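# Observations on the three-dimensional arrangement
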Amino acid sequence: MEYFLELFLSGLTRGSIYALIALGYTMVYGIIQLINFAHGEIYMIGAFTALIAASVLTIMGWPTIAIFIVATIAAVVYSSAYGFTIEKIAYKPLRNAPRLSPLISAIGMSLFLQNYVLLAQTSDFLPFPQLIPDFEFMEPISHIFSTAELAIVLTTVIVMLLLTYFIKFTNMGKAMRATAQDKKMALLIGINVDMVISVTFIIGSALAALGGVLIANHIGQLNFYIGFIAGIKAFTAAVLGGIGSIPGAVLGALILGWTESFATGYISSDYEDVFAFALLVLILIFRPAGLLGRSETKKV
Amino acid sequence: MRKILSAIALSALMAVASVATAETLKIGVAGPHSGDLASYGIPATRAADLYAKEINANGGLLGMQIEIIKSDDVCKQEIAVNTANKLVSEKVAFVLGHICSGATKAALGTYKDAGIAVMSPSATNPALTKSGDYPNFFRTIAPDDAQAKLAVDFTTDKLNAKKIAVIHDKGDYGKGFAEFAKMFIEEGGKAEVVLFEGVTPGAVDYTAVVQKVKRSKANAVIFGGYHPEASKIITAMKKKKVDAFFVSDDGVKDDTFIKVAGEYSEGGYATGPKDNSSNDLYKKAHAAHEAAYSEKAGAFYTEAYSAMIAITEAIKAAGTTDYDKVTAVLKNQWVETPIGKIKFDERGDAIGAGFSVYQVQNGKYVEVK
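Residues numbered from 1 in each chain as written. Chains lettered and ligands numbered in written order. Predicted model: local features only at pLDDT ≥ 70, side-chain atom pairs only at ≥ 80, totals over all residues. Heavy atoms only, no water.

So, on to the overall build of chain B. Within chain B one finds 13 helices and 15 strands. Against the globule reference of 21 Å for 369 residues, chain B gives a C-alpha radius of gyration of 23 Å, in line with a compact fold. Classification of the 369 residues of chain B by burial places 52% in the buried group. For chain B, restricting intrachain contacts to residue pairs at least 6 apart in sequence, the fraction spanning at least 24 positions comes to 66%. A total of about 15,800 Å² of accessible surface is found on chain B, and carbon and sulfur atoms cover 52% of it. With 44 positive and 44 negative side-chain charges, chain B shows a separation of 3 Å between the mean positions of the two kinds. (Helix = DSSP H or I, 4+ residues; strand = E, 2+ residues; numbered from the N terminus. Rg over C-alpha atoms; globule rule 2.2 N^0.38 Å. Buried < 20%, exposed > 50% of the residue type's maximum accessible area, 1.4 Å probe, protein only. Contact = heavy atoms within 4.5 Å. Areas by Shrake-Rupley, 256 points an atom, 1.4 Å probe, with all protein chains shown as cover. Lys, Arg positive; Asp, Glu negative; His and termini not counted. Charge placed at Lys NZ, Arg CZ, Asp CG, Glu CD.)

If you want it as structure tokens, here you go:
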């Protein structure tokens, strides 16, 4: 039973990691039907920014918790700026182009950012300092569930709730939903569609950066390539849950995390990815729009 | 064009032959001396030239001057046989080479039929010695499975682990190491393999597999792969309070592992090539290279230089170039070389060459004696 619990919690952590990244994927897709392949790179840039900020602040002798907060804010702001800029440079000019064009542009952006960080920073793995201190009360169970893991899971839950509130009940959220439904109509009723799209990219990038900081803090290392695999898994999670749906992304991510964790624990980690992607195929066969996705009826 | 070239090559060869009028003791050097893998073969030719020059300056071997006959196999199996035939027809006493495992294997049969012994400084494929097909084959480099053997012996004998979890990164290098480790644990019978698993490189965390290690009650984890995964695994093991030794391979014996895993890497073990740089012969061999070519020696230079010493010393001790007598000396007599004091086992692997176990102590890899 304890073993089951351990695997459950490890799957929960993993799922929450995927969820933080998947939320950005799914938001962008929901608004402009673009799979933003550069999203994983935003996550990586967030982690790098936090590392640089943390290194500088450590030299200045700040207390750990202050470093954590400032580094996170720096990562979020910097990554949001990246997300905003990428949209303006690589996607906006292609908004009326065939759907394949922005997709290729996104892949190009992803490669560009990877190589940019490779050249500007280093190809080596770098250690990431532990910024979240281990809480006393977590100590007895830290071998099952550590403070860093708790932080990831809690953040995911809070972010999901806030996002749902934001989209359901605020004016900006309403504008987003309107834009998602019909861009032209939204324009006609006076919604600033360009602004809505920019805000979506900023929020998505901010979440990715937050994920980057928490995850790097958890696993303690990073390099220029971490965004790729995390991005692919998060994308899978978003598709699994129904791309475009906020709760769907979280649900998909958790299911993916648990599948991998239990497959590793009870069968073999050799087949971790096999199970994860087999599950994806199965769900897409029976529910092509994903678990919580709405299948759109095409108007002819 | 080819014809002209080979004509020139032939006449050049004849010119060399006519100059060397007195009887010489010929040693063949085979390997890639041109093409994209030449950087692996050239250092061996330099080692042969430099050491032969030294011997010749001191009166030669068995009263004869050593003549180095080079033959290029471009690291290709189909060419290696021709290379071998050429050296056989030159009646060489011994062959230093070949460099690549595949080419070595292709050429060995030809030498075996001709009764010529071969010593490679670089062919690491385990089957070359283990298969027993080539009694004429020796090497001054440890085979691929040697570090797995060392890691297993260390884990079972020194660390007294009874239950071992073997984990790898699914790559050629890591999985190969892990499979050899598993085989040696099972053959040794001192411990059992309680877990054999591959992890996905680059995955966001390895807690699930670490929990599995904990449940298997393993006393030790042998990991085959590189440092990024190793540092994540050892960190997760320490954080999840898994009480097991961590033993890994050359891919982990890298300072980046210590830098990234930080305090969690303390006490971790890794095997790596023996550090020979304090050996006097090593210093001498490398000084000779730098004096002659004014650059640092390339890959396998040290092994090739050691092989030259082993070959010439064996011929000297045997007093003849007779195949049986020379190989008997190689197997029975220790010889001082840049890679340490070595002799050869029944199958032709060098005893005393190869790998050491290192442990992370106070943020540094320290050789475990």
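Further notes follow.
Residue and element names in this part refer to chain A. Judged by side-chain polarity, I52, V56, M60, W62, I65, I69, V70, I73 and V77 come together as a nonpolar surface patch covering roughly 800 Å² of accessible area. Listed by contribution, the elements that provide at least two residues to the nonpolar patch are α2 (39-59) and α3 (64-91). With 5 residues, the single largest contributor to the nonpolar patch is α3. Here V77 lies in helix α3. (Patch = residues over 30% accessible without salt bridge, like charges linked within 9 Å, V, L, I, M, F, W, Y side chains within 5 Å. Salt bridge = Lys/Arg side-chain N within 4 Å of Asp/Glu carboxyl O.)

Residues and elements named next belong to chain B. If you walk across this open sheet you meet the 5 strands as β2-β1-β3-β4-β5, and the pairing is parallel. Only two strands of the sheet have a single neighbouring strand rather than two, namely β2 (65-72) and β5 (137-139). With direction set aside, neighbouring strand axes in the sheet form an average angle of 25°. Where strand β1 (residues 24-31) and strand β3 (residues 94-96) come together, 3 bridges link them in parallel fashion. (Pairing = 2+ DSSP bridges. Axes fitted to C-alpha atoms, helices over the stretch in contact; angles between N-to-C directions.)

Let's shift gears to the state of the cysteines. Residues and elements named next belong to chain B. Applying the stated criterion to the full structure yields 1 disulfide over all chains. A disulfide bridge connects C75 with C100, and the sulfur atoms are separated by 1.6 Å. Residues C75 and C100 are joined by a disulfide whose S-S torsion is about -105°; by sign, that bridge is left-handed. Taken together, the residues C75 in the loop between β2 and α3 (77-89) and C100 in the loop between β3 and α4 (101-114) connect sequence positions 25 residues apart. (Disulfide = S-S within 2.5 Å.)

Residue and element names in this part refer to chain B. Of the residues in chain B, 94% reach a pLDDT of 70 or more, and the chain-wide mean stands at 89. Within chain B, strand β6 (residues 163-168) carries the highest mean pLDDT (96), whereas helix α1 (residues 2-19) carries the lowest (53). Below pLDDT 50 for its whole length, residues 15-20 participates in 2 contacts with residues either more than four positions away or in separate chains. Model confidence for the complex is summarised by a pTM of 0.79, with the ipTM given as 0.86. (pLDDT = per-residue confidence, 0-100.)

Inspection of the secondary structure puts A74 of chain A in helix α3. Those residues in contact with A74 of chain A that sit more than four places away from it in its chain are T49 and A53 of chain A.

Residue and element names in this part refer to chain B. Burial analysis of strand β10 (residues 269-273) places 4 of its 5 residues in the buried class, the great majority of the element. Summarising the sheet, strand β9 (residues 245-248) and β10 pair through 2 bridges and their orientation is parallel. Bridging across to β10, V247 finds its partner in Y269. Note on the crossover from β9 through helix α10 (residues 255-261) to β10: the handedness is right-handed. (Right-handed = clockwise from strand over helix to strand, strands pointing away.)

Interface size is commonly expressed as the accessible area that is lost once the parts come together. Of the residues lining the interface, 30 residues belong to chain B; the matching set on chain A comes to 34 residues. Here chain B and chain A share an interface that buries about 2,700 Å² over both sides, 49% of which is from carbon and sulfur atoms. Across the contact surface, chain B and chain A share 3 salt bridges. Between K214 of chain B and E6 of chain A there is a salt bridge; the shortest N-O distance is 3.7 Å. At the boundary of chain B with chain A, the tally comes to 13 residue pairs in polar contact (both at pLDDT 80 or more). Elements with a contribution of two residues or more to the side of chain B that touches chain A: β7 (192-198), α8 (207-215), α9 (227-239) and α10 of chain B. Top contributing element to the side of chain B that touches chain A by residue count: α8 of chain B, with 7 residues. (Buried area = accessible area lost by both parts, 1.4 Å probe. Polar contact = N/O pair within 3.5 Å; in protein donor to acceptor, adjacent residues only side chain to side chain.)

The next thing to look at is the pairing of strand β8 (residues 220-224) of chain B. Residues and elements named next belong to chain B. Judged by how many residues are buried, β8 sits mostly within the fold: 5 of 5 residues are covered. The two faces of β8 match: A220, I222 and G224 on one face and V221 and F223 on the other face are all buried. Both β6 and β8 contribute to a ladder of 5 bridges, which runs parallel. If you follow A165 over to β8, its bridge partner there is V221. Pairing geometry for β8 and β9, over 3 bridges, is parallel. In the sheet register, V221 faces β9, and the bridge partner there is F246.

Think of it this way: side chains of opposite charge can pair up when their charged atoms draw near. For the structure shown, the criterion picks out 25 salt bridges over all chains. Salt-bridge contacts for K26 of chain B lead to E90 of chain B; the nearest nitrogen and oxygen are separated by 3.4 Å. One end of the pair, K26 of chain B, is in strand β1; the other, E90 of chain B, is in the loop between α3 and β3, and 64 residues separate them in sequence. Note that K296 of chain B is salt-bridged to E290 of chain B, the shortest N-O span being 3.8 Å. The exposure class assigned to E290 of chain B is partly exposed, which follows from its relative accessible area of 35%. Overlapping salt bridges bring together R14, K233, E260, E272 and D273 of chain A together with D205 of chain B as one network.

All names here are of chain A. Counted by the stated rule, this structure contains 24 aromatic pairs over all chains. Considering the side-chain rings of F4 and F8, the 6.5 Å spacing of their centres and the 25° angle between planes classify their relative orientation as stacked. You can see F4 and its partner F8 sitting in helix α1 (residues 2-32), 4 residues apart, about one turn around the helix. Ring geometry for Y225 versus F228: centroids 5.4 Å apart, planes at 20°, classification stacked. Judged by its relative accessible area of 37%, Y225 falls in the partly exposed class. The partly exposed category is assigned to F228, whose relative accessible area is 36%. (Phe/Tyr/Trp six-rings, centres within 6.5 Å; stacked < 30°, edge-to-face > 60°.)

Further remarks concern unusual backbone geometry. Residues and elements named next belong to chain B. Geometrically, the link from G97 to H98 is a cis peptide bond, its omega value of -15° lying close to zero. Looking at the element boundaries, H98 is found in the loop between β3 and α4. With a phi close to 55°, N160 is a non-glycine residue in the positive phi region. At K217, a residue that is not glycine, the phi angle is positive and equals roughly 60°. Structurally, K217 is set in the loop between α8 and β8. Its relative accessible area of 58% is what places K217 among the exposed residues.

Residue and element names in this part refer to chain B. Pairing within the open sheet is antiparallel, and its 3 strands lie in the order β11-β12-β13. Two strands in the sheet have a free side with no partner beyond their single neighbour: β11 (335-337) and β13 (350-351). In terms of strand pairing, β11 meets strand β12 (residues 340-344) through 3 bridges, oriented antiparallel. When the bridges of β12 are listed, E336 appears paired with K341. Sheet strands touched by helix α12 (residues 301-318): β11 and β12. Its angle to β11, the strand with the most contacts, is close to 155°.

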